[in-house]
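This is what each chain is made of:
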Amino acid sequence: MTSTPARLRKAVLPVAGLGTRVLPGTKTTPKELLNVVDRPILSYIVEEAREAGIEHIVFVTGRSKEAIEDYFDHQIELEAQLEAKGKTEILAAMNAELARPGEMSFTRQMQPKGLGHAVWCARDIIGPEPFAVILPDVIVDGQPGALKQLVEVYAETGGNLIGVESVDIEQAHKYGIVDPAARDGNRITMKGMVEKPAPGTAPSNLSIAGRYILQPEIFDLLATQERGAGNEIQLTDAMARLMDTQAFTAVEYAGVTHDCGDKIGLLRANVALALKRADLGEAARAAVSALL
């Protein structure tokens with residue numbers, strides 16, 4: 001009889017990155033707070049985490065990222081003005097995003113050593129329990145959200161899960177790619193993974209897309225992980241080592257992925273999500289059509 005997996009309560013959001021792909025827009029504004037339609041990228045990410053049942057979000061921040069913590073706090077003067085002007089809908093939307101008591105923690109990645117190192121920085125807050133990792137510049141437009149789709153599989157399988165999506169095989173060298181052993185619907189048993197394989201060498205076209213559920217043993221491996229691609233401590237390298245002793249399942253989630261850390265990706269996200277809005281869709285479509 002398979003034991004019930006330990007409940008997933010926590011998620012790590014690594015937000016220390018400099019956002020160099022969208023400079024100069026990120027010179028003074030954290031890339032995670034760049035707008036998509038009328039709210040920051042990070043707003044969509046936190047909404048996805050909450051939908052998936054996450055109770056505690058750990059932000060791994062860096063220098064000049066204080067605005068992220070401020071975003072989830074009260075702004076007394078602004079709230080007072082909105083209330084005085086009767087703008088109750090906007091006020092309610094803002095208050096819905098506030099951090100709930102004990103819901104958010106913030107810790108610093110003191111040096112830019114890569115995604116694996118950023119996740120390791122959250123080890124003492126996560127403790128000995130499974131946790132999710134959500135890349136905070138990747139919006140997945142799915143119903144339900146991508147992380148909830150992973151959580152639903154995790155409830156049945158336990159172990160470690162990685163969200164994946166299909167990409168053009170000729171573009172696979174740009175991504176982390178999983179090496180599949182077997183497939184059952186949208187679930188893929190994995191036998192390996194590689195970070196940015198050389199062109200023509202990718203074991204599949206299933207790219208790792210910024211949503212993970214990991215067991216806490218990953219932290220011991222990250223503590224000794226050598227630098228890999230980009231001279232950084234790669235999370236994928238530590239996961240490949242953990243795969244020697246624990247099961248990994250890739251889940252091809254349903255949804256459209258928007259890489260908002262890229263200028264064109266951010267533009268596409270703004271257009272796509274505006275077109276879907278009941279209150280803005282018609283006007284957005286007219287505006288885009290006029291430009292074309």
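Preceding this section is the structure that the text describes.
Being a predicted model, the structure only gives us computed values, none of them experimental.

### Comments concerning the packing of helix α3 (residues 76-84) against helix α4 (residues 88-96)
- At a closest axis distance of 8 Å, the pairing of α3 and α4 adopts a crossing angle of 150°. Comparing the axis directions of α3 and α4 gives the class roughly antiparallel. Residues Leu78, Glu79, Leu82 and Glu83 of α3 lie in contact with α4, whose contacting residues are Ile90, Leu91, Met94 and Asn95.
- Partitioned by chemical class, the residues of the contact of α3 with α4 number five nonpolar, one polar and two charged.

### Here's the deal with the packing of aromatic side chains
- Going through the model one piece at a time under the given rule, you end up with four aromatic pairs.
- A centroid spacing of 4.9 Å and a plane angle of 10° characterise the contact between Phe131 and Phe219, whose relative ring orientation is stacked. Of the two residues, Phe131 is situated in strand β6 (residues 131-134) and Phe219 in helix α8 (residues 218-223); the sequence distance between them amounts to 88 residues.
- Through successive ring pairs, a cluster of aromatic residues spans Phe59, Tyr71, Phe72 and Phe106.
- Over the aromatic face of Tyr44 sits the side chain of Arg39, whose NZ or CZ is 3.8 Å from the ring centroid.
- Its guanidinium or amino end placed over the ring of Trp120, Arg123 lies 3.6 Å from that ring's centre, counting from NZ or CZ.

### Things to note about the nonpolar core
- In terms of nonpolar packing, the biggest core is built from 37 residues, with Phe131, Ile162, Tyr212, Leu214, Ile218, Met239 and Phe248 touching the most fellow members.
- Of the residues forming this core, the biggest block, five residues, is contributed by strand β11 (residues 206-214).
- Excluding residues within four positions of it along the chain, Tyr212 makes contact with Leu115, Phe131, Ala132, Val133, Leu135, Leu147, Leu150, Leu161, Ile162, Leu235 and Met239.
- Judged by nonpolar contacts, the second largest core, of 36 residues, contains Leu13, Tyr44, Ile45 and Leu266.

### Side note on the layout of surface pockets
- Taken as a whole, the second largest pocket holds about 490 Å³ of empty space.
- Contributing to the lining of the second largest pocket are 21 residues, with Arg39, Tyr71, Ala93, Met94 and Glu97 lying nearest its centre.
- For the lining of the second largest pocket, the secondary structure elements donating two or more residues are β3 (39-40), α1 (41-51), α3 and α4.
- The biggest single contributor to the lining of the second largest pocket is α4, with five residues.
- Taken together, the residues of the lining of the second largest pocket sort by class into 10 nonpolar, three polar and eight charged.

### Quick look at the pairing of strand β8 (residues 160-166)
- Within β8, five of the seven residues are buried, which leaves the element mostly enclosed by the surrounding structure.
- One ladder, built from five bridges, connects β8 with strand β12 (residues 248-252); its direction is parallel. Residue Asn160 lies in a different strand from β12, and its bridge partner there is Phe248.
- Both β8 and β11 contribute to a ladder of five bridges, which runs antiparallel. Bridge pairing links Leu161 to Ile213 in β11.

### Side note on the pairing of β12
- Most of β12 sits inside the fold, with five of its five residues counted as buried.
- Where strand β10 (residues 187-195) and β12 come together, three bridges link them in antiparallel fashion. For Ile188, the partnering residue across the bridge sits in β12 and is Ala250.

### Some words on unusual backbone geometry
- Looking along the chain, the bond that leaves Leu23 and enters Pro24 is cis, with omega of 5°.
- Position of Pro24 among the secondary structure elements: in the loop between β1 (10-14) and β2 (35-36).
- With a phi angle near 65°, Val37 is a residue other than glycine that sits in the positive phi range.
- Mapped onto the fold, Val37 is located in the loop between β2 and β3.
- On the basis of relative accessible area, Val37 is assigned to the partly exposed category, the value being 23%.
- One non-glycine residue with positive phi stands out, namely Ser64, at about 65°.
- Residue placement: Ser64 occurs in the loop between β4 (56-61) and α2 (66-71).
- Assessed through its relative accessible area of 57%, Ser64 is described here as exposed.

### Remarks on the pattern of salt bridges
- Counted under the stated rule, the structure contains 17 salt bridges.
- A salt bridge links Lys31 to Asp137; its shortest N-O distance comes to 2.8 Å. Taken as a pair, Lys31 in the loop between β1 and β2 and Asp137 in the loop between β6 and β7 (138-141) lie far apart in primary sequence, 106 residues in all. The exposure classification of Lys31 matches that of Asp137, with both residues buried.
- Here Glu47 makes a salt bridge to Arg39, at a shortest N to O gap of 3.2 Å.
- Of the residues examined, Glu47 reaches a relative accessible area of 44% and is grouped as partly exposed.
- Connected via shared salt-bridge partners are Arg7, Arg9, Lys10, Glu55 and Glu129.

Calculation rules
- Position numbers for residues start from 1 in each chain and track the written sequence from start to end.
- For this predicted model, a pLDDT threshold of at least 70 governs which residues receive local features, and a threshold of 80 or more governs which side-chain atom pairs are given and counted, while totals over whole chains, interfaces and linings are taken from all residues.
- Values reported for side chains reflect all heavy atoms of the structure, with hydrogen atoms and water molecules removed beforehand.
- Fitted lines through C-alpha atoms serve as axes, helices being fitted only where they are in contact, and the angles separating the N-to-C directions of these axes extend from 0 to 180 degrees.
- A run of DSSP states H or I qualifies as a helix once it reaches four residues; a run of E qualifies as a strand once it reaches two. Both are numbered from the N-terminal end.
- Put simply, angles under 35 degrees are roughly parallel, angles over 145 are roughly antiparallel, angles from 65 to 115 are roughly perpendicular, and the rest are oblique.
- Here, residues are in contact when the closest pair of their heavy atoms is within 4.5 Å.
- When residue character is reported, Ala, Val, Leu, Ile, Met, Phe, Trp, Tyr, Cys and Pro are called nonpolar, Asp, Glu, Lys and Arg charged, and the others, Gly included, polar.
- A pair of Phe, Tyr and Trp rings is counted when the ring centres sit within 6.5 Å of each other, with Trp represented by its six-membered ring. The angle between the planes then sorts it: under 30 degrees is stacked, over 60 is edge-to-face, the rest tilted.
- Only lysine NZ and arginine CZ atoms are considered, and such an atom sits over a ring when it is within 6 Å of the ring centre and within 35 degrees of the ring normal.
- We call a set of buried Ala, Val, Leu, Ile, Met, Phe, Trp, Tyr and Cys residues a nonpolar core when their side-chain atoms join them within 4.5 Å.
- Only protein chains enter the accessibility calculation, which uses a 1.4 Å probe. A residue is then buried if its area is under 20% of the maximum for its type, exposed if over 50%, and partly exposed in between.
- A 1.4 Å probe that fits into a set of points on a 1 Å grid over the protein atoms alone but cannot get out defines a cavity; an open set with protein on both sides within 12 Å along at least five of seven lines defines a pocket, and lining residues are those with an atom within 4 Å of a point.
- Grid points are joined across faces, edges and corners, and a volume is the space filled by probe spheres set on the points.
- For two strands to be treated as a pair, DSSP must find no fewer than two bridges joining them.
- Between Lys or Arg on one side and Asp or Glu on the other, a salt bridge is scored when a side-chain nitrogen of the former is within 4 Å of a carboxyl oxygen of the latter.

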